[in-house]
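Residues per chain, in single letters:
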Amino acid sequence: MKVRFDQIARECRNTHNGSMMDIPIVGLEHIEPYDMLLKNSDINVETTFSKTFKKGQILFGRRRAYQHKACVATFDGICSGDITVIEAIEGAIYPDLLPFIVQNDDFFEHAIKGSNGALSPRVKWEHMANFEVNLPTIDEQKVLAEKLWAAYEVKQSYLKMIDATDEMVKAQFIEMFGNPQTNSQGRKSVRFDEVLTFQRGHDLPEKERKSEGVIPIYGSNGFVGYHTESKAKDGIVTGRSGSIGKVYSIKGDYWPLNTSLYSIDTHGNNLTYLKYMVEAFDVSRFSNGTGVPTLNRNDIHKEMIPLADIAEQRTFETIAYQADKSISELRKSIDAIDKVIKSLINENL
């Protein structure tokens, strides 16, 4: 049976008055792209947010919907006005199925088409409301939801294994080179921009991207699509605006978005070493802004940082390479699960 989205779900616009002490605060930067569950928040921070959400409701990132941010709240809290709070209409849909409808590519494509605004496009509930979906019976919805969540749990177990492997490599970095924030091994220090020089990324609106291209596009949250042109090659990318702290090592041509900082000079240093060095140095410490945090390259460039010789860097790269092989196999399994989830949705909705 084909139904409109507003026949199975409603927008919640409740607000909070009074003290915000110990109440989780959620902005767009706390929602991970493509992740089904909310895992991050701030607490006891200054904010102008007032919209409330409850555990089990869906938080949809309505600003820059192309970032594909939507998740199920795992706790009660307060969120940004750029997040639409959605809940299932009792009796109209099996509630556990609704998150998969929202996370589906078709729903996001619909939302993106209805977004308005040049620099910071937003989608309104009125547009999301007219999305149409084919729903099976409630009993069939329940069976489908159980299969989808089971697949999601398996995917999460693989992701945890990837995180554990990555943490092992990070620990190996600290063991070999010490903590770059404190120079715990007493190595010779130089200015950050003598090790790695950053530049702000380049604008590339969603409507101007060419998905038929083969050049990957990277923003503050990593890979976001493809284009036919490149702006950089073989470098390091980290978040400049919004999501700050993640670091990516990229080999080959790519396009760094304006939400990122990307390397224009690695000064002969090894890319793998640089990735883990920037992570351990934690450039997010130098971000500022109460709403959407931003990172200025000049604030990083002037910092002093210890530097390892190239032979040590290459030894570490060998260790990281073996870990990357294991992670690559795990990602193949995750891709297979994603295909199963998409197939189940496409066949039943």
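Relevant structure appears above.
Caption draft 1: Expanded view of the pattern of salt bridges. Using the criterion set out here, one finds 18 salt bridges in the structure. Across the pair Arg13 and Glu11 runs a salt bridge, and its minimum N-O distance is 2.9 Å. The exposure class of Arg13 is exposed, given its relative accessible area of 56%. A salt bridge links Glu279 to Lys275; its shortest N-O distance comes to 3.0 Å. In this pair, Glu279 and Lys275 both sit in helix H5 (residues 271–281), four residues apart, roughly one turn of the helix. Judged by relative accessible area, Glu279 falls into the partly exposed class, the value being 21%. Three or more residues joined by partner-sharing salt bridges are found here, namely Glu11, Arg13 and Glu126.

Caption draft 2: Molecular detail of the sheet that holds strand S14 (residues 222–227). With mixed pairing, six strands are arranged side by side in an open sheet as S12-S17-S15-S16-S13-S14. In the strand order of this sheet, the two ends are held by strand S12 (197–200) and S14, each with one partner. Sheet twist, expressed as the average angle between the axes of neighbouring strands with direction ignored, equals 45 degrees. Two strands pair when backbone bridges link them, and strand S15 (residues 232–239) and strand S16 (residues 247–256) are joined in this way by six bridges, in the antiparallel orientation. Paired with Gly235 across the strands is Ile250, a residue of S16. Strands S15 and S16 of the sheet are contacted by H5, whose axis makes an angle of about 125 degrees with S16.

Caption draft 3: How the structure looks around the nonpolar core. Membership of the largest hydrophobic core comes to 37 residues, with the highest contact counts inside it found for Phe5, Ile8, Phe60, Leu98 and Ile101. Looking at this core element by element, the count peaks at six residues for helix H4 (residues 138–177). If we ignore the near neighbours within four places in the chain, the residues touching Phe5 are Ile86, Leu98, Ile101, Val102, Phe107, Trp125, Met128, Ala129 and Phe131. Within the second largest apolar cluster, 30 residues are counted, among which are Phe198, Tyr273, Val278 and Phe286.

Caption draft 4: Structural detail: unusual backbone geometry. The backbone of Asn183 shows a phi angle near 50 degrees, a positive value even though the residue is not glycine. Locating Asn183 in the fold gives a position in the loop between H4 and strand S11 (189–191). Backbone geometry places Asp234, a non-glycine residue, at a positive phi of 50 degrees. On the basis of relative accessible area, Asp234 is assigned to the partly exposed category, the value being 36%.

Caption draft 5: Layout of helix H7 (residues 310–348). For H7, which comprises 39 residues, the first-to-last C-alpha distance of 54 Å matches the rise-based estimate of 57 Å (1.5 Å per residue) to within 8%. Taken together, the buried positions of H7 are Gln313, Phe316, Ala320, Ala323, Ile327, Leu330, Ile334, Ile337, Ile341, Leu344 and Ile345. As for H7, its buried residues are in contact with helix H1 (98–103), H4 and H5. With a side-chain oxygen lying 3.1 Å from the backbone nitrogen of Ala311, the N-terminal cap of H7 falls on Asp309.

Rules of the game
Residues numbered from 1 in each chain as written. Predicted model: local features only at pLDDT ≥ 70, side-chain atom pairs only at ≥ 80, totals over all residues. Heavy atoms only, no water. Salt bridge = Lys/Arg side-chain N within 4 Å of Asp/Glu carboxyl O. Buried < 20%, exposed > 50% of the residue type's maximum accessible area, 1.4 Å probe, protein only. Helix = DSSP H or I, 4+ residues; strand = E, 2+ residues; numbered from the N terminus. Pairing = 2+ DSSP bridges. Axes fitted to C-alpha atoms, helices over the stretch in contact; angles between N-to-C directions. Contact = heavy atoms within 4.5 Å. Core = buried A, V, L, I, M, F, W, Y, C linked by side-chain atoms within 4.5 Å. Expected span 1.5 Å × (residues − 1). Polar contact = N/O pair within 3.5 Å; in protein donor to acceptor, adjacent residues only side chain to side chain.

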